[in-house]
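Spelled out from the first residue to the last, the chains are:
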Amino acid sequence: MNKPVQSQFAFIIAGGGMAGLSLAYYLSKSSLGDLPILIIDQFPKNKNDKTWCYWSDCEEEFDKIAEKSWDSLWFHSQSNQSKLLNINPFQYRKINSGDWYAYVNKQLATKPNIQFLDAKIHSFFYKGVDVCVSTDRGDFHASQKVFDSISPFACDFENPKHIKQHFLGWTIESHFPVFKQDSADLFDFRVAFDLECEFMYVLPTSPKKALFEYTFFSGEIRDKNYYRDKLKAYLLAYYGFGEDDYDLLEEEYGVIPMRPIEENAQNLHAKLIKIGTSGGFVKSTTGYSFLRTQRTLKELVANLETKNHKAFVLKELRFKKWMDKVFLQVFIDQKIAGSKVFESLFFKNSPQKILRFLEEKTSLREDLSLMFTVPTLPFVSAAVKLFFKGNKLP
């Protein structure tokens, strides 16, 4: 896109991915929506290259563009026990990034004060009271705030003790109408044969179309062909599909850090604010981020409108953050198969309670009751190890 005529803006959003565009969307619908806003990204976002899923028991901003929703989810254990989870009043929804980008960009196109710049960002710096963004197409100044969604999160992808969600997914179209659309497979641990947490995730969206995603919660990232071979084996074992029985429509690969943010909590007094993965918006024990990002940024914009600069960008719930760390330490230690941890949770608790727990909406009493349903020894060992390491993960 053409370089903006002006270099001075009220807000600059560094990064035009899901977090950056979400922030621009909520700003555009607020009382701040007529202020000059610049969104900078090296590449425009308009491709269907990601899948975002979330669950909710109430109406959410982007429900209307979800490709599919389910109120029943399957859990398959490593020992071949299966449980159909009725998650009412929750709904589990799937959004395709291409649909979402088109919807949000259409809204932003109605606001001539919101400009886009295709440019590589070099750095951030302060000049007087302004915070500035240096790019390969010049420097741009924000009088109010710069929102940074491009800075790397503190996760070493080469370190096996830094847990990541790493996955490769295929959207396929079968030559036969075999998929049942009334439920999805949230966890299929029948593919897990080791201590690492690995599972298949299946989202059927029509009788012939489904997303199959082979996923790890672990530290060691594999070559892409490893996941592809696992997908082929699963399709053959559970659907009887050879490679001639389906068409591969799309492939999605991702590595998401599963670590709690260790930086001090940001508040709105700051002029340079990290958002998205950079800001710790990913839930560290699940890798889910879409709904958490929407709710966080909607509240952030509301606080900007009321000039509530003492408000934190991301609320820090210390006990829940500690539980997340214990959970991740269990995965690092590998004293028990990751599948067994989820088995204990899903076979001993209601799915509604687990979903509220993962949303950080459970009470302290509910949190403690959930902790008593997981294997005791590995979790106590992980908690003790964290205590002696100053509550820090490796």
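First things first, this report covers the structure right here in the doc. The shown structure was predicted, so the numbers you read here are calculated from the model rather than taken from an experiment.

### Looking at the sheet that holds strand 13 (residues 184–188)
Strands sit in the order 6-5-13-14-15-12-16 across an open sheet of seven strands; the sheet is mixed. The open sheet terminates on both sides in strands that have one partner only, identified here as strand 6 (82–86) and strand 16 (246–257). Here the average twist between neighbouring strands, direction ignored, is 15 degrees. Note that strand 5 (residues 72–76) and strand 13 share four bridges and pair parallel. Bridge assignment links H76 to a residue of strand 13, and that residue is D188.

### Thoughts on the pairing of strand 9 (residues 121–127)
Two elements, strand 9 and strand 10 (residues 130–135), share six bridges in a ladder whose sense is antiparallel. Paired with Y126 across the two strands is V131, which belongs to strand 10.

### Observations regarding the layout of surface pockets
Roughly 570 Å³ of volume is contained in the second largest pocket. Around the second largest pocket, the lining is made up of 25 residues, and of these R292, R295, T296, E359 and E360 lie nearest the centre. Those elements that provide at least two residues to the lining of the second largest pocket are strand 3 (51–56) and helix 4 (290–305). The dominant element in the lining of the second largest pocket, judged by the number of residues it contributes, is helix 4, at eight residues. Its residues assigned to classes, the lining of the second largest pocket shows 13 nonpolar, four polar and eight charged.

### Some details on the packing of helix 1 (residues 18–28) against helix 2 (residues 97–108)
The angle between the axes and the distance between the axes are what describe a pair of packed helices. Following both chains from N to C, one finds helix 1 and helix 2 inclined at 35 degrees, their axes separated by 10 Å at the closest point. Note that helix 1 runs across helix 2; the crossing there is left-handed. Each of M18, L21, S22, A24, Y25 and S28 in helix 1 lies in contact with helix 2, whose residues at this interface are W100, Y101, Y103, V104, N105, Q107 and L108.

Criteria and cut-off values
- Residues numbered from 1 in each chain as written.
- Predicted model: local features only at pLDDT ≥ 70, side-chain atom pairs only at ≥ 80, totals over all residues.
- Heavy atoms only, no water.
- Pairing = 2+ DSSP bridges.
- Helix = DSSP H or I, 4+ residues; strand = E, 2+ residues; numbered from the N terminus.
- Axes fitted to C-alpha atoms, helices over the stretch in contact; angles between N-to-C directions.
- 1 Å grid on protein atoms, 1.4 Å probe; cavity = no way out; pocket = protein on both sides within 12 Å on 5 of 7 lines; lining within 4 Å.
- Points joined across faces, edges and corners; volume = space filled by probe spheres on them.
- Nonpolar A, V, L, I, M, F, W, Y, C, P; charged D, E, K, R; others polar.
- Left-handed = near helix turned anticlockwise from the far one by under 90°.
- Contact = heavy atoms within 4.5 Å.

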